[in-house]
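Each chain, written out:
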Amino acid sequence: MATDKDATTPDDAELRARLTPLQYQVTREKGTERAFTGAYAHHKEAGVYRCVCCGADLFSSTTKYDSGSGWPSFWLPLAGDNVRTHVDRSHGMVRTEVSCAQCDAHLGHVFDDGPRPSGQRFCINSASLAFEPDPAAGK
Ligand code: FE
């Protein structure tokens, strides 16, 4: 697990002031929003999903799909370097946690039951994302 912080890591006091309690709990305390409650679970607009903490580009609408899980699901990150994965042994399970490579925000988990071509399912909390619509969409 990465513990190194760089200049792009948001200030904790700033995050507490800016984020909702749920956004803070998910991203900084590895929380999970309840299934089917997140803003982006069934969101289908074209655009980019950014880290709610630091603004890094994390996922694209082009790789979002409906997994039926109740959380936003993607079969690929926007750029592999923008997310980091590591083994998570909490809650009596062995899962692969996904976090923002730039600020360490907890995003969700990745599973190997996704669709082709990657076979991966990035199961991400809406609360860790900020959607930026594609300006070219709908024109
Ligand atoms: Fe981030």
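Notes on the structure in this doc start here.

Cut-off values and rules
Residues numbered from 1 in each chain as written. Predicted model: local features only at pLDDT ≥ 70, side-chain atom pairs only at ≥ 80, totals over all residues. Heavy atoms only, no water. Salt bridge = Lys/Arg side-chain N within 4 Å of Asp/Glu carboxyl O. Helix = DSSP H or I, 4+ residues; strand = E, 2+ residues; numbered from the N terminus. Buried < 20%, exposed > 50% of the residue type's maximum accessible area, 1.4 Å probe, protein only. Pairing = 2+ DSSP bridges. Donors = N, O, S within 2.8 Å, 3.2 Å for Na, K, Ca; no water. Core = buried A, V, L, I, M, F, W, Y, C linked by side-chain atoms within 4.5 Å. Contact = heavy atoms within 4.5 Å. Axes fitted to C-alpha atoms, helices over the stretch in contact; angles between N-to-C directions. Phe/Tyr/Trp six-rings, centres within 6.5 Å; stacked < 30°, edge-to-face > 60°.

1. Some words on the pattern of salt bridges
Any two side chains of opposite charge can pair, on the condition that their charged atoms come close. Taken as a whole, this structure holds eight salt bridges when the rule is applied. For Asp-12, the salt bridge goes to Arg-16, with nearest N and O atoms at 3.2 Å. Placement of both Asp-12 and Arg-16 in helix 1 (residues 12-18) is noted, with a separation of four residues, approximately one turn of the helix. Taking relative accessible area as the criterion, Asp-12 reaches 37% and is therefore assigned partly exposed. Between Glu-14 and Arg-18 there is a salt bridge, and its shortest N-O distance comes to 2.6 Å. In this pair, Glu-14 and Arg-18 both sit in helix 1, four residues apart, roughly one turn of the helix. Ionic contacts of the salt-bridge type, sharing partners, join the residues Arg-50, Asp-57 and Glu-132 into one network.

2. Considerations on the pairing of strand 2 (residues 57-60)
Where strand 1 (residues 47-51) and strand 2 come together, three bridges link them in antiparallel fashion. Bridge pairing links Tyr-49 to Phe-59 in strand 2. Adjacent in sequence and paired antiparallel, strand 1 and strand 2 are bridged by five residues, among which Gly-55 carries a positive phi angle near 85°.

3. Describing the coordination of the iron ion
All of the protein donors around the iron ion are Cys-51 (SG), Cys-54 (SG), Cys-100 (SG) and Cys-103 (SG); their distances to the metal are 2.3 to 2.4 Å. Counting gaps between the donor residues of the iron ion yields the pattern C-x2-C-x45-C-x2-C. Here Cys-100 lies in strand 6 (residues 95-100) and Cys-54 lies in the loop between strand 1 and strand 2, a separation of 46 residues in the sequence. On the accessibility criterion, Cys-100 (0% relative accessible area) is buried.

4. Let's talk about the nonpolar core
The biggest cluster of nonpolar side chains holds 23 residues, and the ones touching the most others in it are Cys-51, Cys-53, Leu-58, Phe-59, Phe-122, Ile-124 and Leu-129. Mapped by element, the contributors of at least two residues to this core are strand 1, strand 2, strand 6, strand 7 (106-111), strand 8 (121-124) and strand 9 (129-133). Every residue in contact with Phe-59, bar those within four places of it in the chain, is listed here: Gly-47, Val-48, Tyr-49, Phe-74, Leu-76, Pro-77, Leu-78, Val-83, Leu-107, Phe-122, Ile-124 and Leu-129.

5. Some thoughts on the environment of Phe-59
Looking at where Phe-59 falls in the secondary structure, it is placed in strand 2. Note on Phe-59: relative accessible area 0%, which makes it buried.

6. A short note on the sheet that holds strand 9
Pairing within the open sheet is antiparallel, and its three strands lie in the order 2-1-9. Two strands lie at the open edges of the sheet, namely strand 2 and strand 9, each paired on one side alone. Neighbour-to-neighbour, the strand axes of this sheet turn through a mean angle of 30°, independent of strand direction.

7. Some details on the environment of Val-48
Residue placement: Val-48 occurs in strand 1. Overall, Val-48 belongs to the partly exposed group, its relative accessible area being 22%. Residues Val-48 and Phe-131, spaced 83 residues apart in sequence, show a C-alpha to C-alpha distance of 5.8 Å. Residues within four places of Val-48 in sequence aside, it is in contact with Asp-57, Phe-59, Leu-78, Ala-130, Phe-131 and Glu-132.

8. Observations concerning the packing of aromatic side chains
Scanning the model with the defined rule gives six aromatic pairs in all. Where Tyr-40 meets Phe-131, the ring centres are 6.3 Å apart and the plane angle is 50°; that geometry is what we call tilted. Of this pair, Tyr-40 sits in the loop between helix 2 (21-29) and strand 1 while Phe-131 sits in strand 9, and the two are 91 residues apart along the sequence. The class of Tyr-40 is buried, set by a relative accessible area of 15%. Measuring from centroid to centroid gives 4.8 Å for Tyr-49 and Phe-131, while their planes differ by 55°, and the two rings are tilted. Of this pair, Tyr-49 sits in strand 1 while Phe-131 sits in strand 9; the two residues are 82 residues apart in sequence, bridging distant segments of the chain.

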